[in-house]
Amino acid sequence: MNFNKPAELPLKLHEQLDNSRRRQILAAVATGTFMSALDSSVVNIALPKIGAYFKAPLSIIEWVVMAYLLIISSLLLTYGRMGDMYGHKKIYITGFIIFTAGSLLCGMAPTIAVLIISRGIQALGAGMLMSMGPAIITDTTPPQQRGKALGVNAVAVAVALTTGPIVGGFLTSQFGWQSIFYINLPVGVIGIIWASKVIPDSIEREVQPFDIKGAVVIFLALTSLLVPLSYTEQFGWKNPYIIAALVMGFMLLLLFVYIEKRTAYPMVDLALFKNRLFSMSNVSALLNYMAQFSVILLMPFYLQQLRQLPPSEAGLMLIPMPLTTMLVAPISGAMSDRFDSRYISSIGMGIVALGTWQLSNLNISSTNFEIVIGLATVGLGSGMFQAPNNSAIMGSVPDNRRGIASGMLATMRNIGMVLGVAVSGAIFSNHMGYLYKVLSQKGITGVELRNQAFTGAFHLAYIMASILAWVAVVTSLARGSTKLEKKI
């Protein structure tokens, strides 16, 4: 060992690992990322069977999905801070254990209430997996290879979202809905053992008090924001309960900032947001997922309600988007290791804007080729954007803040998903209602009325998604160069 090196250099984990060990670590992290992302999509297709099994209404059954997403989203920042304090590996493996135990409880659930509670337990572990993955990769990967490694992790998410409905449909039809949870058990046990063996222990940190007050307030704030946003499509933005909950959420966010500024050991180091690279990259991530999930929400309705395609065929039509992302993400990540990532990310968001504009022009007469090209274009842009942007975020913070940076990135992803669904759903529903009235007054009726109203509302919602993508181009360019960070 060269003792002439500065004292901090031996603490860098990536310098102590060979390429073979790094690949094993990446595979272990990708496994946990895949499982946590898979369970956010695999359950959806089994909901009708679960509802029939428990004889429960849709308003109750939807909480099987909602409980999972809300708990994950509300705790990601807390887990990020815990990872920085107690070690990323420790939190990651704890998450794997809780996720696996929660899966067992879900499969054994005797009532719908127990299933929802068990999904909450499962989400506690999944949040740890999601929040620690990028931090572990950044800790164990040299800066010049970070983009490529994070691209592989992005592929795990894309594969999970692509295969989730297919795997869930097969297991549910062949072995019952319980099997979608039991399948996690062998994978979870293997993942726990594997991660324990290959992921190195984190650097010892100075013991600090945990910011319990800040953790509670940010959990309540995010819950107060995400729950009403999830119901805006159903009840509308003008519903007094939704308005009250959103106002409460924003007030709690302000209280959180007040607490963090006056806490000696804050849960979130607000000074990170003075770093333009960190703050603008997170805003870009939020806008990317808003645009992306506008597409994910409305395309099934276009294919099944307007085009009258059966669910199986509609599902196949949606594959080009995640498939293209899966193929492109590792390439764009590797490119970002060599070139300034802001240009790669910005071009990617420009392509997303183009793709959503292409999709906005779809109508009942559009060809399958036009649909596939539009979806593939969005997937191409997302694949180009995500890995370079993620790499920029993770590389812009000091070693002892990578957990919170990883948690912030995951939080932006989940909030973007919820906002994308809420905003696009509200625009679509409200504008379609408006067009029904206007077109009816012009004497248009029947199928033609439905087609024109649907197409007009669909067009406006996707134009808004395209605008969001263009704004992300601006924020991505505004974050500045990553060349300095590459040298650190």
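Parameters and conventions
Residues numbered from 1 in each chain as written. Predicted model: local features only at pLDDT ≥ 70, side-chain atom pairs only at ≥ 80, totals over all residues. Heavy atoms only, no water. Axes fitted to C-alpha atoms, helices over the stretch in contact; angles between N-to-C directions. Helix = DSSP H or I, 4+ residues; strand = E, 2+ residues; numbered from the N terminus. Parallel < 35°, antiparallel > 145°, perpendicular 65-115°, else oblique. Left-handed = near helix turned anticlockwise from the far one by under 90°. Contact = heavy atoms within 4.5 Å. Nonpolar A, V, L, I, M, F, W, Y, C, P; charged D, E, K, R; others polar. Patch = residues over 30% accessible without salt bridge, like charges linked within 9 Å, V, L, I, M, F, W, Y side chains within 5 Å. Areas by Shrake-Rupley, 256 points an atom, 1.4 Å probe, with all protein chains shown as cover. Salt bridge = Lys/Arg side-chain N within 4 Å of Asp/Glu carboxyl O. Buried < 20%, exposed > 50% of the residue type's maximum accessible area, 1.4 Å probe, protein only. Phe/Tyr/Trp six-rings, centres within 6.5 Å; stacked < 30°, edge-to-face > 60°. pLDDT = per-residue confidence, 0-100. Core = buried A, V, L, I, M, F, W, Y, C linked by side-chain atoms within 4.5 Å. Expected span 1.5 Å × (residues − 1).

Thoughts on the packing of helix 1 (residues 19–38) against helix 6 (residues 112–140)
Moving on, step 1. Following both chains from N to C, one finds helix 1 and helix 6 inclined at 160 degrees, their axes separated by 9 Å at the closest point. As summarised for this structure, helix 1 and helix 6 are arranged roughly antiparallel, according to the angle between their axes. Note on packing geometry: the crossing formed by helix 1 with helix 6 is left-handed. Along its contact with helix 1, which presents R22, I25, L26, V29, G32, S36 and A37, the element helix 6 presents A126, L129, M130, G133, I136, I137 and T140.
Moving on, step 2. Of the residues that constitute the contact of helix 1 with helix 6, the class distribution is nine nonpolar, four polar and one charged.

Focus on a nonpolar patch on the surface
Moving on, step 1. A contiguous nonpolar patch, built from I243, V247, M251 and L254 and spanning about 390 Å² of accessible area, is present on the exposed surface.
Moving on, step 2. Structurally, the position occupied by I243 is in helix 11 (residues 240–261).
Moving on, step 3. For I243, a relative accessible area of 39% corresponds to the partly exposed category.

Details of the packing of aromatic side chains
Moving on, step 1. In this structure the tally under the stated criterion is 10 aromatic pairs.
Moving on, step 2. Summarising the aromatic geometry, the rings of F273 and F278 are spaced 5.3 Å apart at their centres and angled 70 degrees between planes, so their arrangement reads as edge-to-face.
Moving on, step 3. Note on F278: relative accessible area 1%, which makes it buried.
Moving on, step 4. Ring geometry for Y302 and F458: centres 5.2 Å apart, planes at 25 degrees, overall stacked. You can see Y302 sitting in helix 12 (residues 276–306) and its partner F458 sitting in helix 18 (residues 446–478), a full 156 residues away along the chain.

What to know about the confidence of the model for the protein
Moving on, step 1. When the pLDDT values of the protein are averaged, the result is 81; 90% of them are 70 or greater.
Moving on, step 2. Overall, residues 1–11 carries pLDDT values under 50, and its contacts beyond four positions in sequence, including any with other chains, amount to five contacts.

Topic: the nonpolar core
When a protein is soluble and globular, its nonpolar side chains tend to lie buried together.
Moving on, step 1. In this structure, Y92, M299, Y302 and F458 are the most contacted members of the largest nonpolar core, which totals 104 residues.
Moving on, step 2. In this view, Y302 contacts R307, L362, N363, S366, I371, F454 and F458; residues no more than four positions away in its chain are not counted.
Moving on, step 3. Core analysis: the next-biggest nonpolar cluster, separate from the first, contains 23 residues, A37, V43, I50 and A56 among them.

Topic: the packing of helix 1 against helix 9 (residues 184–198)
Moving on, step 1. At a minimum axis separation of 10 Å, helix 1 and helix 9 run at an interaxial angle of 150 degrees. Helix-helix and strand crossings are classified by hand; for helix 1 and helix 9 the assignment is left-handed. Contacts between helix 1 and helix 9 pair R21, Q24, I25, A27, A28, T31 and M35 from the former with N184, V187, W194, A195, K197 and V198 from the latter.
Moving on, step 2. A breakdown of the residues in the contact of helix 1 with helix 9 according to their chemical character gives eight nonpolar, three polar and two charged.

Looking at unusual backbone geometry
Moving on, step 1. A positive phi angle, close to 55 degrees, is found at K55, a residue other than glycine.
Moving on, step 2. Position of K55 relative to the elements: it lies in the loop between helix 2 (47–54) and helix 3 (58–61).
Moving on, step 3. Exposure remark for K55: the relative accessible area of 75% places this residue in the exposed category.

A word on helix 15 (residues 341–360)
Moving on, step 1. For helix 15, spanning 20 residues, the distance from its first C-alpha to its last is 29 Å, which sits close to the expected 28 Å at 1.5 Å a residue.
Moving on, step 2. Most of helix 15 sits inside the fold, with 15 of its 20 residues counted as buried.

A look at helix 16 (residues 368–395)
Moving on, step 1. The terminal C-alpha atoms of helix 16 lie 41 Å apart, and with 28 residues this matches the ideal 40 Å at 1.5 Å per residue to within 8%.
Moving on, step 2. The buried fraction of helix 16 amounts to 21 of the 28 residues, a majority that puts the element mostly inside the structure.

Examining the side chain of T100
Moving on, step 1. Checked against the element boundaries, T100 lands in helix 5 (residues 88–108).
Moving on, step 2. Note on T100: relative accessible area 9%, which makes it buried.

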